[in-house]
Amino acid sequence: MTCATAPDPTEASEYFFKYIDLVAPGDICDRLDTQREAVLALIEGISDERSQSRYAPDKWSLHNPFTVRALAWITVGHVAHHVKVVRERDLPLP
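Predicted model only: the values in this text are computed from it and were never measured.

Draft legend 1. Looking closely at a nonpolar patch on the surface. Together, Val-39, Ile-43, Ile-46, Trp-60 and Leu-62 make up an exposed nonpolar region whose accessible area comes to about 450 Å². Note that Ile-46 resides in the loop between helix 2 (28-44) and helix 3 (48-51).

Dropping the structure here:
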């Protein structure tokens, strides 16, 4: 399987095709690049004033320099967790 093609029905549990089938046909790598560009444009459009706002006094803001790094690690951890869950669910134990 290349990055650009949808998985074959033998490559994933039938359960996951309810999500896989939601992805529009086309090159998934191009779609991911487009989403990355859209997210960067969204973030770049946030003003300095808006980046400092908090929804509560004790909550973080986008202006905090450690927040982006922390969110990146949280995201990676989240993805790693889901990969582990998928492996445990779909790969038979020896």
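Let's pick the thread back up.
Draft legend 2. Layout of the packing of aromatic side chains. Taken as a whole and judged by the stated rule, the model has one aromatic pair. On the numbers, 6.1 Å between centres and 70° between planes, the contact of Tyr-15 with Tyr-19 is edge-to-face. Among the residues examined, Tyr-19 registers a relative accessible area of 45% and is labelled partly exposed.

Draft legend 3. Here's a closer look at the environment of Val-23. Assignment of secondary structure puts Val-23 in the loop between helix 1 (17-20) and helix 2. Among the residues examined, Val-23 registers a relative accessible area of 41% and is labelled partly exposed. With 17 residues separating them along the chain, Val-23 and Ala-6 place their C-alpha atoms 8.8 Å apart. With residues near it in sequence (within four places) discarded, Val-23 still touches Ile-28 and Arg-31.

Definitions and cut-offs
Residues numbered from 1 in each chain as written. Predicted model: local features only at pLDDT ≥ 70, side-chain atom pairs only at ≥ 80, totals over all residues. Heavy atoms only, no water. Patch = residues over 30% accessible without salt bridge, like charges linked within 9 Å, V, L, I, M, F, W, Y side chains within 5 Å. Areas by Shrake-Rupley, 256 points an atom, 1.4 Å probe, with all protein chains shown as cover. Salt bridge = Lys/Arg side-chain N within 4 Å of Asp/Glu carboxyl O. Helix = DSSP H or I, 4+ residues; strand = E, 2+ residues; numbered from the N terminus. Phe/Tyr/Trp six-rings, centres within 6.5 Å; stacked < 30°, edge-to-face > 60°. Buried < 20%, exposed > 50% of the residue type's maximum accessible area, 1.4 Å probe, protein only. Contact = heavy atoms within 4.5 Å.

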